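Here is what each chain is made of, one letter per residue.
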Amino acid sequence: MRNSRPIILFPLLCFLSSTISILCEPKSLVCNGKEKHALLRFKKALSDPGNRLSSWSVNQDCCRWEAVRCNNVTGRVVELHLSNPYDRDDYEFYRLGGAISPALLELEYLSYLNLSWNDFGGSPIPSFLGSMGSLRYLDLSFAVFGGLVPHQFGNLSTLRHLDLGGNYGLYVENLGWISHLAFLKYLGMNWVDLHREVHWLESVSMFPSLSELDLSGCELDSNMTSSLGYANFTSLTFLDLSDNNFNQEIPNWLFNLSSLVSLSLLDNQLKGQISESLGQLKYLEYLEVSLNSFHGPIPTSIGNLSSLRYLGLKENPLINGTLPMSLGQLKYLENLDVSSSSFHGPIPTSIGNLSSLRCLNVERTSLTGTISEVHFTALSKLKDLRISGTSLSFHVNSSWTPPFQLEYLDADSCKMGPNFPAWLQTQKSLSYLDFSRSGIVDTAPNCFWKFASYIPQIHLSNNQISGDLSQVVLNNTIIDLSSNCFSGRLPRLSPNVVELNIANNSFSGQISPFMCQKMNGRSKLEVLDISINALSGELSDCWMHWPSLTHVSLGSNNISGKIPNSMGSLVGLKALSLHNNSFYGDIPSSLENCKVLGLINLSDNKFSGIIPRWIFERTTLIIIHLRSNKFMGKIPPQICQLSSLIVLDLADNSLSGSIPKCLNNISAMTAGHIQDIWYDALEAVYEYKSYTESLVLDIKGREAEYEEILQYVRMIDLSSNNLSGSIPIEISSLFGLRFLNLSRNHLMGRIPEKIGVMASLESLDLSRNHLSGEIPQSMSNLTFLDDLDLSFNNFSGRIPSSTQLQSFDPLSFFGNPELCGAPLTKNCTKDEETLGPTAVEENREFPEISWFYIGMGSGFIVGFWGVCGALFFKRAWRHAYFQFLYDMRDRAYVAIAIKLKWFHQKLRRYHAG
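Per an unreviewed UniProt entry, the protein goes by the name Leucine-rich repeat-containing N-terminal plant-type domain-containing protein and belongs to Vitis rotundifolia.

Draft legend 1. Layout of the pattern of salt bridges. Per the counting criterion, the structure on display carries 16 salt bridges. Here Lys-689 ties to Asp-412 by a salt bridge, and the two come within 3.5 Å at their closest N and O atoms. Here the residue Lys-689 occupies a position in the loop between β46 (683–684) and β47 (691–692), and Asp-412 occupies one in the loop between β24 (408–410) and β25 (432–434), the gap between them amounting to 277 residues. Linked by salt bridges that have partners in common, Asp-412, Asp-434, Arg-437 and Lys-689 make up one network.

Draft legend 2. The pairing of strand β39 (residues 582–585), seen in detail. Burial along β39 is one-sided: the face carrying Phe-583 and Gly-585 is buried and the face carrying Ser-582 and Tyr-584 is not. With 2 bridges connecting them, strand β37 (residues 558–561) and β39 associate as parallel partners. Looking at β39, one finds that Ser-560 is bridged to Ser-582. Note: β39 against strand β41 (residues 606–610), 2 bridges, orientation parallel. Across the sheet, the residue bridging to Tyr-584 is Lys-606, located in β41.

Draft legend 3. Structural view of the nonpolar core. Judged by nonpolar contacts, the single largest core of 227 residues is most densely connected at Leu-80, Phe-153 and Ile-624. In this structure, Leu-599, Ala-668, Leu-697 and Ile-699 belong to the second largest nonpolar core, which totals 19 residues.

Draft legend 4. Structural view of the packing of aromatic side chains. Under the defined criterion, the tally for this structure stands at 30 aromatic pairs. Note on Tyr-112 and Tyr-137: the rings are 4.2 Å apart at their centroids and 10° apart in plane angle, and the pair reads as stacked. With Tyr-112 in strand β5 (residues 112–114) and Tyr-137 in strand β6 (residues 137–139), this pair connects stretches of sequence that are 25 residues apart. Owing to a relative accessible area of 22%, Tyr-137 belongs among the partly exposed residues under this scheme. Measuring from centroid to centroid gives 6.4 Å for Phe-607 and Phe-631, while their planes differ by 5°, and the two rings are stacked. Separated by 24 residues along the polypeptide, Phe-607 in strand β41 and Phe-631 in strand β43 (residues 630–634) bring together distant segments of the chain. Joined through ring pairs, the aromatic side chains of Phe-376, Phe-394, Trp-400, Phe-404 and Trp-423 make up one cluster. Positioned over the ring face of Tyr-408 is Arg-386, at 3.9 Å from the centre of the ring. Cation over ring: Arg-768 sits above Phe-792, and NZ or CZ is 4.3 Å from the ring centre.

Procedures and definitions
Residues numbered from 1 in each chain as written. Predicted model: local features only at pLDDT ≥ 70, side-chain atom pairs only at ≥ 80, totals over all residues. Heavy atoms only, no water. Salt bridge = Lys/Arg side-chain N within 4 Å of Asp/Glu carboxyl O. Helix = DSSP H or I, 4+ residues; strand = E, 2+ residues; numbered from the N terminus. Buried < 20%, exposed > 50% of the residue type's maximum accessible area, 1.4 Å probe, protein only. Pairing = 2+ DSSP bridges. Core = buried A, V, L, I, M, F, W, Y, C linked by side-chain atoms within 4.5 Å. Phe/Tyr/Trp six-rings, centres within 6.5 Å; stacked < 30°, edge-to-face > 60°. Lys NZ or Arg CZ within 6 Å of the ring centre and 35° of its normal.

In structure tokens form, the structure reads like this:
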């Protein structure tokens, strides 16, 4: 009997095994036919350019379709994972779009629906989604929906996760429906417009189960204080209220959210002091309060946030005080960012206790004092150190070995010198190094260049670092050694170099060996700036070896000869600066191949001939700077096609003819800064730091270098040529023009009457021409004008009265003999000069004043001859008239004699008495 039990159990085990195998066999799972046809109708309404739903076919079981999940037992569709899974390179091509079909309502057991990161063209969210009562997870984020969020969502009583974020066209008028979602744990409405909902806080704080709330960018206003006096967020761990418009102090209820792990109040115009109550959030790991208007110091209670890993306080310009010593208690802190705030004083030495710190950013603050070894005692994990734009001094022992291995070091404007920092060579993992403006006055050790060759970006500009680089091979991607004391021949380059800026040094020798050097591979060099050195010789025909060049600056050297034809092989060239050298000859026609040229600076050379017509037809040009050469010919009207032109300087040449009348077509000068203009010729953008073109302009009689603000300059300088004709009236339409110089030509006629509408004009020089007539009254409207020269012309009449014009030096009007009025010492005393233009116009407006004087004169004449004529022709009247006069004379004589006698008698009696 005992032996029979295994025999009985064995068949039973086999049966159970086969049954379980059948039940678990995937092939046995067949989707519901009704739901299959519903999904096919749903697919038909969608657009699917990337063919993501190609597996959705009639011949295949829908439970095997891509993005479809079925219940393992019933075969009913329970999940649709239709989020766009592709990265940014393929994202747009694989976006689903079209319409969302009501066929989804037939998926009775659907609990999970994800349509995020698709493109539904701004169409409204279908309200029928609110009837899908089994949904527990709904994600429609970043799917380009628009319109009103349907209140029917309030019917989804079992919903745990609702994400509508990233749909910039969505808005909500009332959040009352959300109170029905009693089990909600995640609510994402970032970038949904909620500004119409005044009681948003009461609405979203009703859920004790809510753990994550994202309301960033919802245009919420100052109503951040609950009318309840508190917020019922007992389970909340994640709260993001960034990018709103609260403009108030942090409400106290926030400090009662004791379960918070992550809090972001970024960019909200929040003000007031950060309360000491902040220390109550003891579980907080992430705190972001940057881009606000807090004032006062950081609360010392911040040291109580013992779990904190990230602290962001950057760009709070009103926050001040010193960094508290309590920061050193945050032993788990990995990232501390207080940049662009007003902290002052020294960095506390307790920072050296932050053993978990990976990134320290104090750049652009008012911190002062010394950084020493003690600040880095336990910072073995530090990777990112940013102390630029401060007044900190780095002072460590020359034999110091740091405990860290940095990957990013930015100490721009931080005092590191005068000696070259020896500890730097211990850092083997650097990808970015910036010691610009750090007060180093020393020779770079030879071993530094071998060490530095492995650093992709290196910036050492504006120091006094010296050394001979003739034998050095530079291998960095970005190299900026400008404004130092390096000397010798130019260094050699590896093909990896993308930007080389060694301007303003003391490099010398022939330029040709550098330009024609051989490399092991195709050069990637895009920016070459070797200006302001002592290089000499001619440019060799080797430019075809540098096919990637976009910015070339060889200015202010001693280079001579002609521009080689091979420079035309630089088809990607955007900026060419050869100024202040000794180049001569014509501009080669091969440069016409540079189709994207935006800046050409050939000033202060000996170029001659006619300026090629293609320059004035190259619509990509925004700066033409050809002054101080020997160019001849006329300025062609094609120049008016250059709608993006912001600087036109053809001064000091031998150009003739008239000024084109179509200059008003240059739209960049008819307005201010135009966003549509492509300014990439002025800048080469790279990760972390950009290369910026500079231009020395002769403005107001002084040379000034423009760099960061160059794109805002609007200038025309045609001075010192042989131009003739009149100033075109169309020039008055250049409302954005700031500097205009037409001096030292042969221009005639009058100043355009409407010149006063050029409201942006700061400098105007029309001196030494043959201009005539009165100075337009409208010039008194040029309120920004601070430099004016109208001297040595033939202007006449009174200088218009205005605070602006009378404030200029008299020399601005000197050499115009017929000109009068302040600030000249010559007064306007005769006829039109006395009256001046203004008075003449007033007389024209009141002609009755002139008739009054005419009538008075004629009346005098008539009266005079009426009396005198009668006496002349009537003898009796004449005798009677003169007899009357004689009688009056005698009476007067007798009266005076009697009075005198009486006066003498009185005087005698006075003396006798």
